[in-house]
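Here is how the chains run, residue by residue.
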Amino acid sequence: MSVEQQPLWVEEPAVRPRLPDPVRTAAVRAVIIVAATLMQAMVAFLSALAGSWLAFPMVLSSVGSTVLATWGVLDVWVTRQVWNQRNGVVSIPSSTARKLRKERRRARRAARAGERGARIRSTDGSGQRLSRA
């Protein structure tokens, strides 16, 4: 009796593509800064509750860290926008619309070519229409 073993996991394609390197770097930096700011704010709060002398310097540095964390998050957003502009990310809806326009144009050209062919066949060399009767 042999039991076929199933793999521990099955590879599935990613739903969203991986972030570009500069954007990912900015995002990691922002996460680290925000995590450090949250820890600093927690230490400031707890030292204020305990009445420690460390409370005042920690509150001041937490305010500075909050400004730094805001900059970090904005840096991710700006880096992403710049990367998109420089590398020309093509969105799927616009490329789909482009394909539809191309198909419509091709159909119009074919219809015009058909009309032209019919006109050319229905005239003799002088430009006068031939009578079918």
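The shown structure was predicted, so the numbers you read here are calculated from the model rather than taken from an experiment.

Engineer: Honestly, the overall build of the chain in this entry has me stumped. Any pointers?
Structural biologist: Each helix and strand counted, the chain has three helices and zero strands in total. Mapped from its N terminus to its C terminus, the chain presents α and β elements in the order α-α-α. Here the chain holds 133 residues, and 14% of them are scored as buried. Taking all contacts inside the chain whose residues are at least 6 apart in sequence as the whole, residues at least 24 apart take part in 53%. Taken as a whole, the chain presents about 11,800 Å² of accessible surface, with 63% of it coming from carbon and sulfur.

Engineer: How should a positive patch on the surface be read in this particular structure?
Structural biologist: Together, R98, R101, K102, R104, R105, R106, R108, R109, R112 and R116 line one region of the surface with positive charge. With respect to the helices and strands, R109 occurs in helix α3 (residues 92-121).

Engineer: Please explain helix α2 (residues 55-87) as it appears in this structure.
Structural biologist: In an α-helix there are 3.6 residues to a turn, and that puts residues three or four apart on one side. The first and last C-alpha atoms of α2 sit 47 Å apart over 33 residues, in line with the 48 Å expected at 1.5 Å per residue. Where α2 is concerned, the buried positions are A55, M58, S62, S65, A69, G72, D75, V76 and T79.

Engineer: It is not clear to me how the UniProt feature "transmembrane region" (unreviewed entry) in the chain should be interpreted in this structure. Could you clarify?
Structural biologist: In the numbering used here, UniProt assigns the "transmembrane region" (unreviewed entry) feature to residues 26-48 and 54-78. Annotated as 100% helix and 0% strand, the span residues 26-48 places its first and last C-alpha atoms 33 Å apart. Its end C-alpha atoms 36 Å apart, residues 54-78 is made of 96% helix and 0% strand.

Engineer: Would you mind showing me how to read helix α1 (residues 21-50) here?
Structural biologist: With 30 residues, α1 should reach 44 Å at 1.5 Å per residue; the first-to-last C-alpha distance of 43 Å fits that figure. Residues V23, A26, A30, I33, T37, Q40, A44 and S47 constitute the buried set of α1. G51 occupies a position one or two residues after α1 and carries a positive phi of about 75 degrees.

Engineer: Looking at this structure, how should I read the side chain of S62?
Structural biologist: With respect to the helices and strands, S62 occurs in helix α2. Within the local environment of S62, its side chain forms a polar contact with the backbone oxygen of Q40, the two atoms lying 3.5 Å apart. Here S62 is in contact with T37, Q40, A41 and A44, once residues within four sequence places are set aside.

Engineer: Looking at this model, I keep getting lost on the side chain of S47. Mind explaining?
Structural biologist: Within the secondary structure, S47 is located in helix α1. One polar contact links the side chain of S47 to the main-chain carbonyl oxygen of A44, over a distance of 3.1 Å. In this structure S47 touches S52, L54 and A55, once residues within four positions along its chain are discounted.

Engineer: Please explain the packing of α1 against α2 as it appears in this structure.
Structural biologist: For any two helices packed against each other, the geometry is given by the interaxial angle and the distance between the axes. Interaxial distance between α1 and α2 falls to 8 Å at its minimum, and their mutual angle equals 160 degrees. Of the possible angle classes, the one that applies to α1 and α2 is roughly antiparallel. Note that α1 runs across α2; the crossing there is left-handed. Per-class residue counts for the contact of α1 with α2 are 20 nonpolar, nine polar and three charged.

Calculation notes
- Residues numbered from 1 in each chain as written.
- Predicted model: local features only at pLDDT ≥ 70, side-chain atom pairs only at ≥ 80, totals over all residues.
- Heavy atoms only, no water.
- Helix = DSSP H or I, 4+ residues; strand = E, 2+ residues; numbered from the N terminus.
- Buried < 20%, exposed > 50% of the residue type's maximum accessible area, 1.4 Å probe, protein only.
- Contact = heavy atoms within 4.5 Å.
- Areas by Shrake-Rupley, 256 points an atom, 1.4 Å probe, with all protein chains shown as cover.
- Patch = residues over 30% accessible without salt bridge, like charges linked within 9 Å, V, L, I, M, F, W, Y side chains within 5 Å.
- Salt bridge = Lys/Arg side-chain N within 4 Å of Asp/Glu carboxyl O.
- Lys, Arg positive; Asp, Glu negative; His and termini not counted.
- Charge placed at Lys NZ, Arg CZ, Asp CG, Glu CD.
- Expected span 1.5 Å × (residues − 1).
- UniProt positions renumbered as here; feature names shortened; annotations may be inferred.
- Polar contact = N/O pair within 3.5 Å; in protein donor to acceptor, adjacent residues only side chain to side chain.
- Axes fitted to C-alpha atoms, helices over the stretch in contact; angles between N-to-C directions.
- Parallel < 35°, antiparallel > 145°, perpendicular 65-115°, else oblique.
- Left-handed = near helix turned anticlockwise from the far one by under 90°.
- Nonpolar A, V, L, I, M, F, W, Y, C, P; charged D, E, K, R; others polar.

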